[in-house]
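Tertiary structure, described
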Amino acid sequence: MEVRYLIEINPDAILVRYNVKMEKQMTPEDAAEELYPKDEMVYPIAKAIFEGEEDDVVEGLEKAIKAGKDPISLIDDALMVGMGVVTRLYDEGVIFLPNVMMSADAMLEGIEHIKQKGGKAPTVKGKVVCHVAEGDVHDIGKNIVAALLRANGYDVVDLGRDVPVDEVISAVEKEKPLLLTGTALMTTTMYAFKEVNDKLLEKGYRIPFACGGGAVNQDFVSQYELGVYGEEAADAPKIADYVKANGDNIVQLREKFHKH
């Protein structure tokens, strides 16, 4: 005998990832609108950064410069402010990685325009070497890390994907960066990070080595001496900022960024 059950479902009780009522009330654009600066010269630039509209960024910068704004000051006062909105909403899960990439490109275009107008490059916070582990051709994560670092004022030396261990070591020797980053999507390639770590130590380098990617977890990174785990791509500029402000103490970095 077939038995059927009639179950009354309360839509309000269904578990969903997001608060649907809130989503209807607050779009990403709405959330960004609440964070934009009120300065009428800066507002359109910050908004264009969020929207990833390179032409609008340049147009906003031109208007601000013609109105008397110092070109170089607009990097911190407008471009970085706009990117700050993007970073905050990304951290909160309101926007996603493609949005960040578009915004970072728009901000870099703005910086290039200012360099042409101001006659000098903005002050660089420091240098970071980025790479994808040897044997691994998946570079989306590394590209995001590099974009976020550049957007936050760092000079990035991008070695690309499937980078031999010895090439990573040579880049560290040549560039003298404050931070090295590595990403790996495949479990078969992440062990190259241990080789990088050991060769750096052999040569006397104690540079923080920030590692992440789909194949990598905190337990693995904690096994080698220089490793600092970055759970999200957005952790990379935060780790770099911490190293710049507080030095390269690996223990302190792990206390700050290891979450589990």
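What counts, and at which threshold
Residues numbered from 1 in each chain as written. Predicted model: local features only at pLDDT ≥ 70, side-chain atom pairs only at ≥ 80, totals over all residues. Heavy atoms only, no water. Helix = DSSP H or I, 4+ residues; strand = E, 2+ residues; numbered from the N terminus. Buried < 20%, exposed > 50% of the residue type's maximum accessible area, 1.4 Å probe, protein only. Areas by Shrake-Rupley, 256 points an atom, 1.4 Å probe, with all protein chains shown as cover. Contact = heavy atoms within 4.5 Å. Lys, Arg positive; Asp, Glu negative; His and termini not counted. Salt bridge = Lys/Arg side-chain N within 4 Å of Asp/Glu carboxyl O. Pairing = 2+ DSSP bridges. Axes fitted to C-alpha atoms, helices over the stretch in contact; angles between N-to-C directions. Right-handed = clockwise from strand over helix to strand, strands pointing away. Left-handed = near helix turned anticlockwise from the far one by under 90°. Nonpolar A, V, L, I, M, F, W, Y, C, P; charged D, E, K, R; others polar.

Right, let's talk about the overall build of the chain for a bit. A count of helical and extended segments in the chain gives 12 helices and 5 strands. Across the 260 residues that make up the chain, the buried fraction comes to 43%. In the form shown here, the chain has an accessible surface area of approximately 14,200 Å², with 50% of it arising from carbon and sulfur atoms.

The next thing to look at is the environment of Ala147. Inspection of the secondary structure assignment puts Ala147 in helix H7 (residues 140-151). Accessibility expressed as a relative area gives 7% for Ala147, which makes it buried. Along the sequence, Ala147 and Ala233 sit 86 residues apart, while their C-alpha atoms lie 9.6 Å from each other. Setting aside anything within four residues of it in sequence, one finds Ala147 in contact with Met101 and Ala104.

In this section: the side chain of Asp136. Among the structural elements, Asp136 can be located in the loop between strand E1 (126-132) and H7. Arg161 is the oppositely charged side chain nearest to the buried, salt-bridge-free Asp136, at an N-O distance of 8.3 Å. Leaving out residues up to four positions away in the same chain, Asp136 has contacts with Arg161, Asp162, Ala184, Leu185, Met186 and Thr189.

This brings us to the sheet that holds strand E2 (residues 154-158). Spatial ordering of the open sheet is given by E2-E1-E3-E4-E5, a layout of 5 strands whose pairing is parallel. Of all strands in the sheet, those with a lone pairing partner are E2 and strand E5 (227-229), marking the two edges. Averaged over all adjacent pairs, the angle separating strand axes in this sheet is 30°, with direction ignored. In this sheet, strand E3 (residues 179-183) lies alongside E1 in parallel orientation, the contact comprising 5 bridges. Following the sheet pairing, Val132 is matched in E3 by Thr183. In the packing of helix H11 (residues 235-246) onto the sheet, contacts are made with E1, E2, E3, strand E4 (209-212) and E5, and the angle to E2 comes to roughly 120°.

What follows deals with the pattern of salt bridges. Following the criterion strictly, the structure yields 13 salt bridges and no others. For Glu92, the salt bridge goes to Arg88, with nearest N and O atoms at 3.1 Å. Under the relative-accessibility criterion, Glu92 is labelled partly exposed at 49%. Since its relative accessible area comes to 44%, Arg88 is described here as partly exposed.

This part covers the pairing of E2. Here 5 bridges tie E1 to E2, and the two strands are oriented parallel to one another. Bridging across to E2, Val129 finds its partner in Val157. What joins E1 to E2 is H7, and the crossover it makes is right-handed.

Let us now look at the packing of helix H2 (residues 28-35) against helix H3 (residues 43-51). Interaxial distance between H2 and H3 falls to 11 Å at its minimum, and their mutual angle equals 145°. Crossing of H2 against H3: the hand is right-handed. Of H3, the residues touching H2 (which contributes Pro28, Glu29, Ala32 and Glu33) are Tyr43, Lys47 and Phe50. Here the residues of the contact of H2 with H3 are counted per class, giving 4 nonpolar, no polar and 3 charged.

Further remarks concern the environment of Val124. Inspection of the secondary structure puts Val124 in the loop between helix H6 (97-118) and E1. On the basis of relative accessible area, Val124 is assigned to the partly exposed category, the value being 46%. Note: C-alpha distance between Val124 and Gly153 (29 residues apart in sequence) is 5.6 Å. What Val124 contacts, discounting residues up to four positions off in sequence, is Gly153, Tyr154 and Asp155.

With that settled, consider unusual backbone geometry. For Asp162, which is not a glycine, the phi torsion comes out positive at approximately 50°. Along the polypeptide, Asp162 turns up in the loop between E2 and helix H8 (165-175). Taking the relative accessible area as the measure of exposure, Asp162 reaches 36% and is therefore partly exposed. Here Lys176, not a glycine, exhibits a phi torsion of approximately 50°, which is positive. By the secondary structure assignment, Lys176 is in the loop between H8 and E3.

Honestly, it's all geometry; don't read function into it.
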